[in-house]
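# Secondary and tertiary structure notes
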Amino acid sequence: MLWMRRRILVNRMRRSGKLSNVVFAGLIVLGALASIASFVFAFWFGVDELQESSPGVIMAVWLGISLLFAFFWFLGLLTELQRSDSMSFKNLLHLPISLGWVFLYNYFSSFLSISMVLFLPGMIGLSMAMVWNAGASMLLCFLLVLGYLGMVTAVTYQLRGWLAKMMEDKRRGRNIVMGLTFFIVVLAQVPNFLNMATSDERMERSMHEHQLIMKTLETKGAEKEAAQKELDAFQLQKAERAASQQRLINLATVSIPLGWLPYGVRASYEGRIWISLLCAFGMFALAGLSLRRSYRKTLAGVVDGGPVRDIAKQEDSRVKAGPRKPMLVERHLPWIGEQSSAMTLMALRALLRAPETKMMLLGPVIMLGLFGVMVSNNDLEGRLFWAPMMTLSAMAMSLLSLQQALQNQFGLDRDGFRAFLLSPVPRDIILLGKNLALVPLGIGVGLVALILVQVVLPQDITHFLGGIFQLLSAYMLVSLAGNFLSILWPMRLKGVGMKAAGGQGTAFLVHFLSILLVPIALAPLLIPWGAELYLDSLGWLGGAPVYLMLHIALFAAAFAFYRWCLKRQGALLQRRELHILETLTREG
């Protein structure tokens, strides 16, 4: 098997050009240099910085390394999902070889990654430094590192096989990739959220401790004794808080398998050899169970043809299920015409099936989280004064996350735009259906933002109701701008995702500038707030709900303006629909 893999690699290099071979050799050299640098730095850091460190510091260092490796290894899993194994089981079934060796070869081939090149030499170097510092008992670090790498790689290899099986359906595969990307981005923002949420508290404790220290230095007599007692009590409370956090970290490292490596290193550093051996045994056991299950699933899928389904039972269940429920596109929306309802439901169904729509929700989740943490850290009085401005800002952020869909509505259709071109539906109805299809996302996310602002900044009920009308007005204005951009500067998208194809510099620049101009376009919605402040300064407010009434008036004006513009945008779409079709279907 190894000879065959070597022969295949040599043949590929011979067929490749000289430039490809030079690039390949350069990558190998860079990888070797990176591995050597990682090893040297880890060994120097362990010998120079950790020689006199406490067991808690040792465990914290190893915990950070293990979590970073797991994160980057899982990040690399995204690029491995659609890559086939080094050796195909189906191509080797006719050969007299053990498929177990083929499985192990494919498993060990998955070790060739940037994460392994960077982290494995560093872990080995740090383990050698631990042996240098603490003696022969730290030789268990090598066993722990080997068990940890085996556990992480085996579990992710099993996960990769399971996901690859699910991704045989292309649409489901795109959803999986989008979902994993969403999860990784949100996971990467968790430390930032925690840091922002606790930064003010840490700063206040630090300032209080500094004040107590200065007070003990500047005062004398009874005041100094009282200040010293207060400082001692504060430092005792600080030590108890640190001890509580350390106990929580210890409990997490014992309970979660990803923490067994740092906990085992600490146990070995403290002389508890049996605890360290138990951690290593647990990681090797998880690795073995994962590989065993993954191998059985592979054999069931390739050799046995997968699980056999009872088709007759499925047919009986379908018969007993009763009459078929109407599909989404067969329903009818109230208060709008039949054609508008059909166009809206069709566009909504297309959005729900598209993985790109799920990715659009990533923006408001991150932005609203950062916005909420930033707002909650300010003083309440200042926040209440600027509450209407913050409400509009939260709405603007939620709408900006949908700009790629609003300002390129036909780009998401790709070749499906021909269906609109051939349909006898008035073009303003098509635009109306496109705008209404995004209402669950645009208005829904905006309402969530409005509710979050109301929770953080409790406002009067008239301001909250006025914010709802403000959101509706903002959505109509942004939809009109998106209609114009979709008609005048359509952009062709690649097969999967929201990334635009090349050769569309002018359209990309216009779309980018439009995002910057969204806050300016929504600025008139601050008129009710300014009017309320002005009347309040003159003493003419008298408890009247001016804010709510003015927003209702702005909503009526925006609705009338939307209907007037929609007719003219429909005529513009009819004149430019052939140009849009050419742009969306152009090759290269």
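Residues numbered from 1 in each chain as written. Predicted model: local features only at pLDDT ≥ 70, side-chain atom pairs only at ≥ 80, totals over all residues. Heavy atoms only, no water.

## A short note on the overall build of the chain
Put simply, the rule reads: Counting from the N terminus, the helices are the DSSP runs of H or I reaching at least four residues and the strands are the DSSP runs of E reaching at least two. Relative accessibility under 20% of the residue-type maximum defines a buried residue, over 50% an exposed one, and the middle range a partly exposed one, all with a 1.4 Å probe and only protein chains included. For this analysis, residues touch if any pair of their heavy atoms sits within 4.5 Å. Each accessible area is a Shrake-Rupley estimate made with a 1.4 Å probe; only the visible protein chains count as cover when residues are assessed.
Scanning the chain for helices and strands turns up 25 helices and zero strands. Residue burial in the chain is summarised as follows: out of 588 residues, 38% are buried. Restricting to contacts in the chain with at least 6 residues of sequence separation, those with at least 24 account for 77%. Of the roughly 33800 Å² of accessible surface on the chain, 68% is carried by carbon and sulfur atoms.

## Focus on the side chain of Thr-153
Counted only if it meets this: Whenever a nitrogen or oxygen atom comes within 3.5 Å of another N or O atom, the pair is scored as a polar contact, on the condition that within protein one atom can donate a hydrogen and the other can accept it, and that pairs from neighbouring residues in sequence are kept only if both atoms are in side chains.
Note that Thr-153 resides in helix H7 (residues 140–166). Separated by 3.2 Å, the side chain of Thr-153 and the backbone oxygen of Gly-150 make a polar contact. Apart from the residues lying within four places of it in its own chain, the contact partners of Thr-153 are Trp-73, Tyr-107, Phe-111 and Met-116.

## Here we look at the nonpolar core
Going by this rule: Here, nonpolar core refers to any group of buried Ala, Val, Leu, Ile, Met, Phe, Trp, Tyr and Cys residues whose side-chain atoms link them within 4.5 Å.
Counting 29 residues, the largest nonpolar core has Trp-62, Phe-69, Tyr-148, Leu-261 and Val-265 as the members making the most contacts within it. For this core, the secondary structure elements donating two or more residues are helix H3 (55–80), helix H6 (114–134), H7, helix H10 (260–269) and helix H11 (273–302). Those residues in contact with Leu-261, other than ones at most four positions away along the chain, are Trp-62, Ser-66, Leu-144, Val-145, Tyr-148 and Met-283. Judged by nonpolar contacts, the second largest core, of 25 residues, contains Ala-405, Leu-406, Leu-471 and Leu-522.

## Some words on the packing of helix H13 (residues 338–353) against helix H20 (residues 427–437)
Working note: a packed helix pair is described by the angle between its axes plus the distance between those axes. Note the following rule: Under this scheme, a helix contributes an axis fitted over its contacting stretch, all axes are lines through C-alpha atoms, and angles between N-to-C directions fall in the 0 to 180 degree range. Working definition: roughly parallel below 35 degrees, roughly antiparallel above 145 degrees, roughly perpendicular at 65 to 115 degrees, and oblique for all remaining angles. Working rule for handedness: look at the near helix, and if it is turned counterclockwise from the far one by less than a right angle, call the crossing left-handed; if clockwise, right-handed. Gly is put with the polar residues, along with every residue not named as nonpolar or charged; the nonpolar set is Ala, Val, Leu, Ile, Met, Phe, Trp, Tyr, Cys and Pro, and the charged set is Asp, Glu, Lys and Arg.
One can describe the packing of H13 onto H20 by two numbers: an axis separation of 8 Å at closest approach and a directional angle of 45 degrees. It follows that H13 is oblique to H20 by the angle criterion. Considering the relative orientation of H13 and H20, their crossing is right-handed. For the pair H13 and H20, contact is made by Gln-339, Ser-340, Met-343, Thr-344, Ala-347, Leu-348 and Leu-351 and by Ile-429, Ile-430, Leu-432, Gly-433, Lys-434, Leu-436 and Ala-437, respectively. Of the residues in the contact of H13 with H20, the class split is nine nonpolar, four polar and one charged.

## Observations concerning the side chain of Ser-294
Tracing the backbone through its elements, the reader meets Ser-294 in helix H11. Residues in contact with Ser-294, not counting those within four places in the same chain, are Phe-103, Tyr-157 and Gln-158.

## Things to note about the confidence of the model for the chain
Segments scoring low in pLDDT should not have their predicted coordinates read at a detailed level. What counts is decided by this rule: Per-residue confidence from the prediction method is given by pLDDT, with values spanning 0 to 100.
Summarising the model, the chain shows a mean pLDDT of 77, and 75% of its residues fall at 70 or more. Across residues 306–316, where pLDDT falls below 50, the model places three contacts with residues more than four positions away in sequence or in other chains.

## Section: a nonpolar patch on the surface
Filter applied, for reference: Patch rule: a residue counts if its relative accessible area is over 30% and it has no salt bridge; like charges are joined within 9 Å, and nonpolar side chains (Val, Leu, Ile, Met, Phe, Trp, Tyr) within 5 Å. Salt-bridge detection follows one rule: a side-chain nitrogen of Lys or Arg within 4 Å of a carboxyl oxygen of Asp or Glu.
A cluster of nonpolar side chains, contributed by Leu-19, Val-23, Leu-27, Val-29, Leu-30, Leu-33, Ile-36 and Val-40, occupies part of the molecular surface with about 810 Å² of accessible area. With respect to the secondary-structure elements, Val-29 resides in helix H2 (residues 18–49).

## Things to note about H20
Counting buried residues in H20 gives 10 out of 11 residues, a clear majority hidden from the surface. Along H20, the residues classified as buried are Arg-427, Asp-428, Ile-429, Ile-430, Leu-431, Leu-432, Gly-433, Lys-434, Asn-435 and Ala-437. On its buried face, H20 is in contact with H13, helix H19 (417–422), helix H21 (439–456), helix H22 (461–488) and helix H25 (546–585).

## Notes on H21
Each α-helix turn comprises 3.6 residues. Residues three or four places apart therefore point the same way. For clarity, the cut-off: Expected helix span is computed as 1.5 Å times (number of residues minus one).
Taking 1.5 Å per residue as the helical rise, H21 with its 18 residues ought to reach 26 Å, and the 25 Å between its terminal C-alpha atoms agrees with that figure. Within H21, burial applies to Leu-441, Gly-442, Ile-443, Val-445, Gly-446, Ala-449, Leu-450 and Val-453.

## Thoughts on the packing of aromatic side chains
Inclusion rule: Classification of ring pairs uses Phe, Tyr and Trp, with its six-membered ring standing for Trp, and accepts pairs whose centres are within 6.5 Å; under 30 degrees between planes counts as stacked, over 60 as edge-to-face, and the remaining range as tilted.
Here the structure, examined in full by the defined rule, presents 16 aromatic pairs. Here Phe-71 and Phe-72 contribute two aromatic rings whose centre-to-centre distance is 5.6 Å and whose plane-to-plane angle is 80 degrees, an arrangement assigned as edge-to-face. A relative accessible area of 25% means that Phe-71 is categorised as partly exposed. Judged by relative accessible area, which is 37%, Phe-72 ranks as partly exposed. Feature note: the residues Phe-69, Phe-71, Phe-72, Trp-73, Phe-119 and Tyr-148 constitute an aromatic cluster, connected by ring pairs.

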